[in-house]
Amino acid sequence: MSLQQQIMDTHPQWKEYIERWKFLIDSYQGGHSYKEGEYLAAYIFESREQYETRLENTPYDNHVKATIAIYNSFLFRNPPKRDMNGLENDPGFLPFMSDCDLDGRSFDSVMRDISTYSSIYGQVWCVIDKPATVAYTRAEELEQGIRPYISLYTPENVLDWNYSRAVNGHYYLDYLKLYEGKQGGKDTFRIYTPETIRVIAGDDDEMMIISEVPNELGQIPAVCIYSQRSPVKGIGISDVGDVADMGKAIYNELSELEQLVRISNHPTLVKSAQAQASAGAGSIIQIPDDMPEAIKPYLLEPNGSGIEGILESISRKVEAIDRMAHMGGIR
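**Thoughts on the nonpolar core**
Right, so step 1: Ranked by size, the top nonpolar core spans 53 residues in total, and within it V64, W125, W161 and L176 carry the most contacts.
Right, so step 2: Beyond its immediate chain neighbours, meaning those up to four positions away, W125 contacts S151, L152, Y153, V158, W161, Y163, L173, L176, V223, C224 and G234.
Right, so step 3: Ranked by size, the runner-up nonpolar core spans 10 residues in total, among them M97, C100, I114 and C126.

**A word on the sheet that holds strand β8 (residues 222-226)**
Right, so step 1: Taken together, three strands build an open sheet; the order of strands is β2-β1-β8 and the sheet is antiparallel. The open sheet has two free edges, formed respectively by β2 (149-153) and β8, since each of these has just one partner strand. Averaged over all adjacent pairs, the angle separating strand axes in this sheet is 25°, with direction ignored.
Right, so step 2: Summarising the sheet, strand β1 (residues 123-129) and β2 pair through five bridges and their orientation is antiparallel. Counted as the bridge partner of W125 is Y153 from β2.
Right, so step 3: Contacts from helix α7 (residues 107-121) reach β1, β2 and β8 within the one sheet, and its direction differs from that of β1 by about 145°.

**Concerning the sheet that holds strand β4 (residues 171-183)**
Right, so step 1: Spatially, the five strands line up as an open sheet ordered β3-β4-β5-β6-β7, and their pairing is antiparallel. Of all strands in the sheet, those with a lone pairing partner are β3 (158-165) and β7 (207-214), marking the two edges. Looking at each pair of strands side by side, their axes are set apart by 15° on average, direction ignored.
Right, so step 2: Relative to β7, strand β6 (residues 196-202) is paired through seven bridges, and the arrangement is antiparallel. Opposite A201, over in β7, you have M208 as the bridge partner.

**Some words on the pattern of salt bridges**
Pairing between side chains becomes possible if they bear opposite charge and their charged atoms approach one another.
Right, so step 1: Taken as a whole, this structure holds 14 salt bridges when the rule is applied.
Right, so step 2: Its salt-bridge partner being E180, residue R190 comes within 2.9 Å of it at the nearest N-O pair. One end of the pair, R190, is in strand β5 (residues 186-192); the other, E180, is in strand β4, and 10 residues separate them in sequence.
Right, so step 3: With relative accessibility at 23%, the residue E180 sits in the partly exposed group.
Right, so step 4: Here the salt bridges do not stand alone but share partners, grouping E38, R48 and E52 into one network.

**Digging into the side chain of S27**
Right, so step 1: By secondary structure assignment, the location of S27 is in helix α2 (residues 12-29).
Right, so step 2: Side-chain polar atoms of S27 contact the backbone oxygen of F23, separated by 2.8 Å.
Right, so step 3: Apart from the residues within four sequence positions on either side, S27 is in contact with Y34, Y60, N62, V64 and A244.

**Digging into the environment of V110**
Right, so step 1: Structurally, V110 can be placed in helix α7.
Right, so step 2: Note: C-alpha distance between V110 and C100 (10 residues apart in sequence) is 7.8 Å.
Right, so step 3: If sequence neighbours within four positions are ignored, V110 has contacts with C100, D101, R105 and I150.

**Here's the deal with the packing of aromatic side chains**
Right, so step 1: What the rule picks out here adds up to nine aromatic pairs.
Right, so step 2: Between F23 and Y39, the ring centres sit 5.1 Å apart and the planes meet at 70°, which makes this aromatic pair edge-to-face. With a gap of 16 residues between them, F23 in helix α2 and Y39 in the loop between α3 (31-37) and α4 (48-57) connect regions that are remote in the sequence.
Right, so step 3: Taking the relative accessible area as the measure of exposure, F23 reaches 7% and is therefore buried.
Right, so step 4: Under the relative-accessibility criterion, Y39 is labelled buried at 12%.
Right, so step 5: Taken together, a centroid distance of 6.0 Å and an interplanar angle of 85° make the contact between Y60 and Y251 edge-to-face.

**A short note on the pairing of β8**
Right, so step 1: Across the two faces of β8 the burial differs, with A222, C224 and Y226 buried and V223 and I225 not buried at all.
Right, so step 2: As paired elements, β1 and β8 share five bridges and run antiparallel to each other. If you follow C126 over to β8, its bridge partner there is V223.

Rules used throughout
- Residues numbered from 1 in each chain as written.
- Predicted model: local features only at pLDDT ≥ 70, side-chain atom pairs only at ≥ 80, totals over all residues.
- Heavy atoms only, no water.
- Core = buried A, V, L, I, M, F, W, Y, C linked by side-chain atoms within 4.5 Å.
- Buried < 20%, exposed > 50% of the residue type's maximum accessible area, 1.4 Å probe, protein only.
- Contact = heavy atoms within 4.5 Å.
- Pairing = 2+ DSSP bridges.
- Helix = DSSP H or I, 4+ residues; strand = E, 2+ residues; numbered from the N terminus.
- Axes fitted to C-alpha atoms, helices over the stretch in contact; angles between N-to-C directions.
- Salt bridge = Lys/Arg side-chain N within 4 Å of Asp/Glu carboxyl O.
- Polar contact = N/O pair within 3.5 Å; in protein donor to acceptor, adjacent residues only side chain to side chain.
- Phe/Tyr/Trp six-rings, centres within 6.5 Å; stacked < 30°, edge-to-face > 60°.

Given below as C-alpha cells:
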C-alpha cells in the first residue's frame, strides 16, 4: 500500500459512525453548529431560501448539554481523592497534575472533559506522549520542563486502529492512526505501531513522512476510554444518543410551531392581479368597481388549533427524555 493510500484508508467502523458522531457533537454544541448540520426536515417544493429562513428562525432546545451537565455535576461534586503511593514526591508530579496537557489544564479538568466527550460519543482516546529531548539525565529533563503529557482525541480524529490478541488471550493495540489537524497549511497525521511513531503531512495530491522515530516503549501509549462498551472494540455506546434523536424531533416540531404561529398572526391574502393591496395592519385594498364577487380578495386564516397539539407533543417528548436519561425526578 502506498503512503497516500495508507493515509486515506480508514477503519470500517469509522466510516459507519462518522456521520452519527458529527450529529452527536452538534447536538451537544447546539447554536451555529446545529444550524450548520441542517437537521431540520425540508418541506416538499420548499426553496433553498425558504429552508434557510426556517433554519434561522427555529430555536434548538438543547437537552443533550443539559443531561451531560447534570451527570458531571454529580460525578465531580466533590474533588477526587487519589492514593499516589509515594508518586507525589516525584518532582515532575505536581507540574503534571497542574498542567497535564501542556495547554494549561489540570488533570481534574482533563478528566472532566473525558467524562463529557465519552458521554457524547460513547468513547474517546487518550494518548500519553513525551517531547523528544537531548537531555541525558533526569535533572536535565526537569530543568528543560520535559515531561509526559496527555492528548485527548475525539473519535472523528481517530481514523484507524487495530487490536491483536496475545498468546495469553489479552487484547492489545498494535496500530493507531490519528488526524492532528492542519499544521503549516498541510494535513498532519500521526501513526503509532509498537515499533515506530511516524508523523506524515501533506494534501490530497502528495503525502510526506515528516519524522519517524522508534517507539521505545514497545507498545502504543494510548487507551480508548468508553462510556459504555459495545461488542466492537474501539466503539462505545453514547449516553445521550436517544436524547439527541428526541431533541431532533422536538427541533422539527418547534419549526412547525413557529410556522403555525406566524401564519395565524399573519393570514394569507388571496387576490387577483387587478386588485392592489399590501400586507400589514391597516393596509388598504383597492379593487375595480366592476370586479365580480367571485374573485374579490379574501384572507386565508388558520384557526391555530394545532398549536396546543404541538405543545402537548413536545411536553411528552421532554418527559420521554427524562425517562431515557434516568433523570425524571431531578429535572
